[in-house]
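A look at the structure
One-letter residues, chain by chain:
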Amino acid sequence: VRAYGLLSLISWKAEVDKALVISLFQHCWLFNSFSCIAVNIYVKVYTNSPFLVCMDLALSQKEVIDPNYLWIGPDGKNLKGQSYINLTETGKLMVRSFQVAMSGSYTCTLSYKTIKTDIQEEREKFKTYKFMVYAYREPDYTYQISVRFTTKECRLAANGQFFEELKKILDDLISDLTCHVIEPSYKCHVIKIPKHGLLDELFVTFQVNPFAPGWEAVCQQISYDCEDVTNRRVQEARDLIEEFFRKQTYVLKHEFRDVPAIHYIDHSFEVTRIDSCRPGFGKNDDTHNDCASCCGNYRKIKYPYF
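Cut-offs applied
- Each chain carries its own residue numbering, running from 1 in the written order of its sequence.
- Reporting of local features is limited, given that this is a predicted model, to residues whose pLDDT is at least 70; pairs of side-chain atoms are given and counted only at 80 or more, and all residues count toward the totals for whole chains, interfaces and linings.
- Heavy atoms throughout the structure, all of them, feed into the side-chain values; hydrogens and water do not.
- By definition here, a salt bridge exists when the distance from a side-chain nitrogen of Lys or Arg to a carboxyl oxygen of Asp or Glu is within 4 Å.
- Helix and strand assignments come from DSSP, with helices taken as H or I runs of at least 4 residues and strands as E runs of at least 2, each series counted from the N terminus.
- Buried residues are those whose accessible area, probed at 1.4 Å on protein chains only, stays under 20% of the maximum for their type, while exposed residues exceed 50% and partly exposed ones sit between those limits.
- A pair of Phe, Tyr and Trp rings is counted when the ring centres sit within 6.5 Å of each other, with Trp represented by its six-membered ring. The angle between the planes then sorts it: under 30 degrees is stacked, over 60 is edge-to-face, the rest tilted.
- Here, over-ring charges are defined by two tests on the NZ atom of lysine or the CZ atom of arginine: distance to the ring centre within 6 Å, and angle to the ring normal within 35 degrees.
- Given the number of residues in a helix, its expected span is that number minus one, multiplied by 1.5 Å.
- The directions considered for the arc are those from the helix axis to the C-beta atoms.
- UniProt positions are given in the numbering used here, feature names are shortened, and annotations may be inferred rather than shown by experiment.
- In this description, a nonpolar core means a group of buried Ala, Val, Leu, Ile, Met, Phe, Trp, Tyr and Cys residues linked to one another through side-chain atoms lying within 4.5 Å.
- By definition in these notes, contact holds between two residues if any of their heavy atoms fall within 4.5 Å.

**Structural notes on the pattern of salt bridges**
- Within this structure, the stated rule accounts for 16 salt bridges.
- A salt bridge links Arg 278 to Asp 140; the shortest N-O distance between them is 2.8 Å. Highlighted residues: Arg 278 in the loop between strand 14 (270-276) and strand 15 (295-296) and Asp 140 in strand 10 (residues 140-151), separated in sequence by 138 residues. Residue Arg 278 shares its accessibility class with Asp 140, and that shared class is buried.
- The partner of Arg 148 in a salt bridge is Glu 201, and the shortest N-O contact between them spans 2.5 Å. Residue Arg 148 is located in strand 10, and its partner Glu 201 is located in strand 12 (residues 197-209); the two are separated by 53 residues in the primary sequence.
- A network of salt bridges, in which partner residues are shared, links Arg 238, Asp 239, Glu 242, Glu 243 and Arg 246.

**Here's the deal with the packing of aromatic side chains**
- The full count for this structure, using the stated rule, is 10 aromatic pairs.
- Aromatic side chains Phe 245 and Tyr 264 sit 5.3 Å apart centroid to centroid with 35° between the ring planes, which places their arrangement in the tilted category. One end of the pair, Phe 245, is in helix 6 (residues 226-255); the other, Tyr 264, is in strand 13 (residues 263-264), and 19 residues separate them in sequence.
- In this structure an aromatic cluster arises from ring pairing among Phe 149, Phe 162, Phe 244, Phe 245, Tyr 264 and Phe 269.
- Cation over ring: Arg 137 sits above Phe 281, and NZ or CZ is 5.7 Å from the ring centre.
- Above the face of the Tyr 141 ring, Arg 273 is positioned so that its terminal group lies 3.8 Å from the ring centre.

**Side note on helix 4 (residues 157-174)**
- Taking 1.5 Å per residue as the helical rise, helix 4 with its 18 residues ought to reach 26 Å, and the 27 Å between its terminal C-alpha atoms agrees with that figure.
- Among the residues of helix 4, those classed as buried are Asn 159, Phe 162, Phe 163, Leu 166, Ile 169, Leu 170 and Ile 174. Projected down its long axis, helix 4 carries its buried residues within an arc of 130°, all on one side. Away from its buried face by more than 90 degrees, helix 4 exposes Ala 157, Gln 161, Lys 168 and Asp 172.

**Examining the UniProt feature "domain: Zona-pellucida-binding protein 1/2 C-terminal" (unreviewed entry) in the protein chain**
- Under the feature "domain: Zona-pellucida-binding protein 1/2 C-terminal" (unreviewed entry), the UniProt entry names residues 277-295.
- Taken end to end, residues 277-295 is 0% helix and 5% strand, and its first and last C-alpha atoms sit 6 Å apart.

**Details of the nonpolar core**
- Grouped together as the largest cluster of nonpolar side chains are 26 residues, with contacts concentrated most on Phe 149, Phe 206, Val 208, Ile 241 and Phe 245.
- Sorting the residues of this core by element identifies strand 10, helix 4, strand 12 and helix 6 as the ones contributing at least two each.
- When residues of this core are assigned to their parent elements, the largest contribution, 6 residues, is made by helix 4.
- What Ile 241 contacts, discounting residues up to four positions off in sequence, is Ile 145, Leu 170, Leu 173, Ile 174, Phe 206, Val 208 and Phe 269.
- In this structure, Val 43, Leu 79, Val 95 and Cys 108 belong to the second largest nonpolar core, which totals 25 residues.

Quick look at the structure:
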């Protein structure tokens, strides 16, 4: 409340589509309908992968005799019995607490029998299903914000004083969230307004960033993966600042007889989210357009040739 008053006072890519990948989200199962094409799967670090099914959808609707499943991981080793793997008796595979080093090709070979009862003939058949599994992170969020204020004159020394006080107020407002204001700046321009002549206005811009001093200590108390925590906190900080400027309009209308020379211009609040990837991660819209917004660890994985 003091801050409000103070401011007022100072005034799946193309190949995946062809493969007809079917995701049964109600069970979190992922099928590969063609054994000759690898399906891209994206798993957020520290989370469990969806179940990868060692069978295509068509075959899953039929009776399968004596099925046997052999899953091979990126290192070429059998995945059965690995502590980080959940492998069901029906051949569904989940990778627990996915790490960057777990990225790569996951291949399952299904063997089963076909029986022709009329001639007492048994045949063994084999099908191979391939999944390229990539680790990704959500980008870190920063918000670019711009607001405008009227001022009596661009040459006033009070403009700079106002700007410095505004920065302090905003930093105090979001400090409990271990967020802070970075790259603040302002410029004054003369604006020609229809039917109102010329007006001097301050154009203020700044960024709301979640990495204020001490953010790591706070974050690690909650989660070993700070990404979700920092993004949630900076979103809360962004909302607090938006509410702060929205209340300026109310204060001006209801608590001041004479409008201050420098005051917030209603509805001038604009915000844009800026995404950035952490070291070792990046975006690749061309080859990973199924997860274009993801920060993936793609460059360490060699795409297999089949």
